[in-house]
Structures are given as structure tokens and as C-alpha cells.
Amino acid sequence: MAEKEHLKKEYYCGKINEEFTGKEIEVFGWVNKKRELGGLTFIDLRDREGLLQIVFDENFDQPQLIKQIGSEYVLAVKGTVAARSNPNPKIFTGKVELIARQVRILAESPTPPFSPEKSDRVSDDLRFKHRYLDLRNLRLQENFRLRSRANLTTRNYLDRFGFLDIETPMLTKATPEGARDYLVPSRVYKGRMFALPQSPQIFKQLLMVSGFDRYYQIVKCFRDEDLRADRQPEFTQVDIEMSFSEPEELFGIVEGLMQEIFALKGIEIGTGFPQMAYDEVMARYGTDKPDLRIPYEIQDFTPACKKFGSNILDGIINSGGKIKGLVLPESAKYSRKVLDGINKYIQEVGGKGAIWMKNTENGFKAGLKADPQAIADFYKENNIDESHIVFLIGGPESEALFLSGKLREHLGKEFIEKNKDKLEFLWVVDFPLFFYNEDEKRYDSNHHPFTAPKEEDLEKLESEPLSVKSVAYDLVLNGVEIGGGSKRINNIELQEKIFSLLNLTGEETQEKFGFFLEALKFGAPPHLGIALGFDRILMLLCGEESIREIIAFPKTTSSLCLLTGSPSQVSDAQLEELAIKFTN
């Protein structure tokens, strides 16, 4: 009987450098590339830390074995570390190579559908179908190493501040959080459903009632919603709740956490992030998650535009609309072709187009019928440099702001490209407590129904609910919302009033939240919290454009798992056991 070969990994391929020169070692990994040159065979062996060049010279006594080896074979290679005659400065191991003396094939592989090192050149469908190959890409390996370290950093940091890691249920009650629930049928109680949590919101508040004054959890959450680059149906958030505190203390804790997480990549950030009220943010940027790397700000030109005598502009203003605008330098680079492209973009995002004005060799011109002198006067009265171009967008104020904000982002891409490594944090505060849902003709919570209104606005709850501000806050980084939270309601009468304003009947309130209202009777402390989007933070930390690049097994934009083929059909027997019947 052959003697059993023992495996013991002591060295990573990507960690071998000139300090190992002359040392006998054994490494394990995957064949990244194989090539032959001048009677020698070279293999780049890859593991999670990087590549190491393996050399099979004339002294290697198993030439037939080398011929068998193909891409993505798993090898164990023993040999001596030597200096490379042709160093590769692009990799950590570039000054050394391993002169092979013994090789074992631990696993074979057919020719893969794509090379892991070139996985970014193939379709997402192919990548996600063979995600285990895609994840061998060293860029993704580094992403998940950073994710692991960020997870540990977060835990250690919050532990230092006295937060306790407490798990909350995955099977819970369906509650309104602003998105659809994923429902789980109960076999025991047929006709009833659990819901996967959109967040641990109610449970973390109950933990405050329970006396755990500082809680955190790095937790999976689930939302059945349309996907974007920064959304997935299941995602991870850093959930934080604390009693007997004010937002400023929480802001300081979160800013310190951001400082430690970004330091993992050698990025230094200061604390004391700027704060801006929601109304001001919307007026200046047209969005509540602005990318502050873009220097442009929206201006209100409504009064100034009355002087043009334009039927189009006057019609907007007379119907109660607003004229918003952006002033950009270097008007010469906005050719007719570029201007047509901008108009097309505004139409693609739901507008009718943008009106432009600029100074040319032949005097002032505009994208609407206007007297050149009137345009010149407009520039002078608004202190606009004559070399600048002005874009105007009109309509109902919310629509004009939205479209101007989209145009700002569209025209500011060059600044984002130039400042890829710049980090611009912003706390957006003082959100409206409610918004009016036009489709359902009722008020909805801007954050969630447990958000506390500002004390000075309590008297307006009944008479002017849409003017009530909340003690709510979002943390924005480079145009991405990476966290959101609020001070919570800890008074049962106020909580019941909020439910009533949200058009929930007493019966509905008891059905959905009766257990929570009961808890508020028994000494609920003042408390607040925040949920930080861990995936989004890691996306920005790693310099990725989608959170799918930092989630091991993500779903597609249509919520499919191509790797496992889920969601999938289940047997009739399973459905019958759960008392479920599908209808077309």
C-alpha cells in the first residue's frame, strides 16, 4: 500500500520574496498560465495572495508529468527559491522564482470557459454562472480579504465603545419598510407567513427597551425590490442602536468607524464630516445623495427668466413652476452635437429637454427664442462670466430639481474621473417626516414610521404634516448613501398618532405592531440608531462600481442566481404540505 501523502500549507505563493532565496519550500495553488521557452517550462502558480513563477529546468525528472498539466490544475510544488534573471516589478514575487524538484497534481480541470485573470472581459452571465472561477481573480480575492478585515475592524471598534453584538430573528413578521417582503410559508400554521427581515428595526428598538443600551449587529437583510448597481435582494448592514444619546455622539462614533475602515487601504480621512439640511441639499444639488466631487450647484433663475418674454418659460412660471439652472465654464466645448446629446439625455431621464445660453463669436445665442441683449443682461445681472454656458430646466419644482440634479451628475463625470480617490462625506439631516404618496393618496414615512419628529414641529403634526421635520440623517459618500438612521419614538401616544397619520386603522396597528406598542408602555428609553450599508462601503473602499464585486455569490439585476439556478420550482408535494397553490 502506498504511503499516504500529508498536506500542510506553510507558505502562500504570493508571499514569497527575495528573503526566501535558497530556501526549500512547498507551495500549493492553481495553474494560472503555462508556457515553454528554450527547453524550460514556466508555470505561474496562483493562490489567494498572488502569483509565483515555477520553473521546470533540465534537472526536473518528470517531464511527462509536466505535459499533463493544464490551466486551473491544482498543484503541490516543492523546490528551491532562486533569484529571477528577468524580474517582474509588477508583482510582489517578481524578483524570485521556484525551481521545481517535485510536483503533485492534486486536482485536474477541463479547459475553463474563461481565464479567471481575464474574467472582467466576459459577460456577467458567464461570470456568475461560474462564480467559483470568477472569484479566483486576484482583484476579487483582494476585495474579499478587505471585506474580512473590515468586518473584524468594525466588530473590534464597536466593542471598544461598549456595543454588544446581539443576533435578531431571520424569521419574523411582515412590516412596512418601504419595499416588498420576502415571505416564508409556515408548514405548521398553514396559511400564515413569516417574512425575512428588511432590517432588524423593531427588534433593535426592543433591545433598547430591554436595557441593552448599546447594540450592534452585522446582519443580513432582505428586500424584494428592483435592483441597481448598489442594490441586491439580500445585503449586509452594520446595524447600530444606542440609548441615552443624541445624534452628534452617534455621528462621532460612525465617523471614527469610517476612519478605521478606510485606513485598511491606507486612506486617511478626517472626522467632523460636514452636515447639511435636506432642503438645502435638494436646492443645491437636486438629490439627497450628492456627489460633492462635482463643483457645480443648481441655481434658481425663476425671477430672472421672467424678463425673456418667452412663452415657454412664462408658461412654466405662471403655472407655479420653477426655472432651475446650472452655470458651467468653457462654453466653447459645448458644440451643437454636444448640446443635442445633453437634450437627448434629459429626455431619457424623463424631461422635455434643457435650454442653453452662451456667448459666441456672433454674440449671445440660446436654445429658445430670445433677444441677444436680454441674454447679455441676464448674464450681467446674475454675475455670470461671459465665457460660461447656462443650462435652464423648468417645471414643477421637484421635477426641475430632479432633472437639474441628473444634468449636474451627467456633466460632472469628468470631475469624478479626475478625483476617483477623493472621498467626500456628507451628513444629510432634517429630512421631512412624511411625503405624500400620489398613487395611494395618503402620507408615507420618509424613513420609517418609528422616526421621531423634531420637537419644535410636534404642534404641526395634525395641521401641516408635510412641513414637519424629523430627527433623521443619512450618511452620503461620493454620491452613494452608505447609511441612514434616526432618533426613534419612545412615547406610545406619539407612536400611535404617527400610525394614524399614515392611515393605519386601530385594528391594523394592533395587528402589525401591537406587540411593539405594548413594549413602549414599559419604560422605553430615548434611543436612536443607524444602519450602515456594509456592501456599499466595501464597494467604495475597493474602488468598484457595483456591490456585486464584493458579494461572494450575488444575484443578477433580475434577481436570479445563475450559479444555482434559483429561484427554482419546487415539487407539488412540497407545495401541498405548505397548503400553497399557484395560479397563472
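Right above here is the structure, for reference.
So, here is what we can say about the structure in this document. Quantities reported herein were computed from a predicted structural model and do not represent experimental measurements.

Turning next to the overall build of the protein chain. Counting its regular elements, the protein chain contains 17 helices and 22 strands. Each of the three principal axes of the protein chain carries a C-alpha extent, and together these read 90 × 75 × 55 Å. Taking all 584 residues of the protein chain together, the buried fraction comes to 48%. Within the protein chain, contacts between residues separated by at least 24 positions form 67% of all contacts whose residues are at least 6 apart in sequence.

Here five strands make up an open sheet; going across it, the order is β12-β13-β16-β14-β15 and the pairing antiparallel. Both edges of this open sheet fall to β12 (299-300) and β15 (363-366), since each of them pairs with a single strand only. Taken together, the three bridges between strand β14 (residues 355-360) and strand β16 (residues 389-395) define a ladder with antiparallel strand orientation. For W356, the partnering residue across the bridge sits in β16 and is F391.

Right, let's get into the nonpolar core. Grouped together as the largest cluster of nonpolar side chains are 41 residues, with contacts concentrated most on I240, M258, F262, F425, W427 and L532. With eight residues, helix α6 (residues 247-263) is the single largest residue contributor to this core. Those residues within four positions of I240 in sequence are excluded, and the remaining contacts are L158, F163, K204, Y215, Y216, L250, L528, G529, I530 and L532. Of all hydrophobic cores here, the second largest spans 24 residues; its members include I25, L75, L98 and A100.

The omega angle of the peptide bond from S566 to P567 is 5°, so this bond is cis rather than trans. With respect to the helices and strands, P567 occurs in the loop between α16 (534-541) and α17 (572-577). Residue E72 is not a glycine yet carries a positive backbone phi of 70°. Position of E72 relative to the elements: it lies in the loop between α1 (63-68) and β4 (74-83). Look at E72 and you get buried, because its relative accessible area is 3%.

Turning our eyes to something else, we now look at helix α5 (residues 201-209). Residues separated by three or four positions in an α-helix point in the same direction, a consequence of the helix having 3.6 residues per turn. Burial analysis of α5 places eight of its nine residues in the buried class, which makes it a mostly covered element. All of the buried residues in α5 are Q201, I202, K204, Q205, L206, L207, M208 and V209. Looking at the packing, one finds that the buried side of α5 touches β9 (214-222), β10 (234-243), α15 (506-520) and β22 (527-533). Remark: G211 follows α5 within two positions and exhibits a positive phi of approximately 100°.

This brings us to the side chain of N17. Looking at the secondary structure, you find N17 in the segment before β1 (24-37). Here N17 is in contact with V81, F92 and V96, once residues within four sequence places are set aside.

Taken N-terminus to C-terminus, the directions of α5 and α15 make an angle of 20°; their axes are 10 Å apart at the nearest point. As summarised for this structure, α5 and α15 are arranged roughly parallel, according to the angle between their axes. In terms of crossing hand, the pair formed by α5 and α15 is left-handed. Taken together, the residues of α15 that come into contact with α5 (itself represented by I202, Q205, L206 and V209) are F513, F515, F516 and A519. Looking at side-chain class alone, the contact of α5 with α15 contains seven nonpolar, one polar and no charged residues.

Taken together, the buried positions of helix α9 (residues 311-318) are occupied by L313, I316 and I317. The buried side chains of α9 occupy one side of the element, clustering within an arc of 95° when seen end-on. The outward face of α9, more than 90 degrees from its buried face, is lined by the exposed residues N311 and N318. Where α9 begins, the side chain of S310 points an oxygen toward the backbone nitrogen of I312, at a separation of 3.3 Å. Positive phi shows up at G320, right after α9, with a value of about 90°.

As a further point, take the environment of F435. Assignment of secondary structure puts F435 in strand β18 (residues 434-437). Take F435: its relative accessible area is 36%, and that puts it in the partly exposed class. With 225 residues separating them along the chain, F435 and S210 place their C-alpha atoms 32 Å apart.

What follows concerns the side chain of S486. Tracing the backbone shows S486 in strand β21 (residues 480-487). A distance of 3.4 Å separates the side chain of S486 from the side chain of T451, its partner in a polar contact. Beyond its immediate sequence surroundings of up to four residues, S486 is in contact with H448, T451, V471, A472, Y473, L528 and G529.

Let us look at the pattern of salt bridges. Scanning the entire structure with this criterion turns up 49 salt bridges. Between R127 and D124 there is a salt bridge, with its nearest N and O atoms 3.2 Å apart. With a gap of three residues between them, R127 and D124 both fall in helix α2 (residues 124-129), about one helical turn apart. A salt bridge links E241 to K204; the shortest N-O distance between them is 3.6 Å. A residue pair is termed long-range when its members are at least 10 positions apart, and E241 in strand β10 and K204 in helix α5 qualify at 37 residues. When salt bridges with common partners are traced through the structure, they connect D124, R127, R131, D134, R139, E544, R548 and E549 into a single cluster.

Here we come to the environment of I312. Mapping I312 onto the fold places it in helix α9. Separated by 56 residues in the primary sequence, I312 and L368 place their C-alpha atoms 8.6 Å from one another.

What follows deals with the pairing of β18. Bridge count between β18 and strand β19 (residues 442-445): four bridges; the pairing is antiparallel. Bridged to Y436 within β19 is Y443. What sits between the antiparallel neighbours β18 and β19 is a turn of four residues, in which K441 has the positive phi angle 55°.

Moving on to the packing of aromatic side chains. With the rule as written, the count across this model stands at 21 aromatic pairs. Taken together, a centroid distance of 5.2 Å and an interplanar angle of 55° make the contact between F301 and F378 tilted. Remark: F378 occurs in helix α11 (residues 372-381) and F301 occurs in the loop between β12 and α8 (302-305); sequence separation between them is 77 residues. Each of the two residues, F301 as well as F378, counts as buried.

Quick notes on the rules
Residues numbered from 1 in each chain as written. Predicted model: local features only at pLDDT ≥ 70, side-chain atom pairs only at ≥ 80, totals over all residues. Heavy atoms only, no water. Helix = DSSP H or I, 4+ residues; strand = E, 2+ residues; numbered from the N terminus. Buried < 20%, exposed > 50% of the residue type's maximum accessible area, 1.4 Å probe, protein only. Contact = heavy atoms within 4.5 Å. Pairing = 2+ DSSP bridges. Core = buried A, V, L, I, M, F, W, Y, C linked by side-chain atoms within 4.5 Å. Axes fitted to C-alpha atoms, helices over the stretch in contact; angles between N-to-C directions. Parallel < 35°, antiparallel > 145°, perpendicular 65-115°, else oblique. Left-handed = near helix turned anticlockwise from the far one by under 90°. Nonpolar A, V, L, I, M, F, W, Y, C, P; charged D, E, K, R; others polar. Arc of directions from axis to C-beta. Polar contact = N/O pair within 3.5 Å; in protein donor to acceptor, adjacent residues only side chain to side chain. Salt bridge = Lys/Arg side-chain N within 4 Å of Asp/Glu carboxyl O. Phe/Tyr/Trp six-rings, centres within 6.5 Å; stacked < 30°, edge-to-face > 60°.

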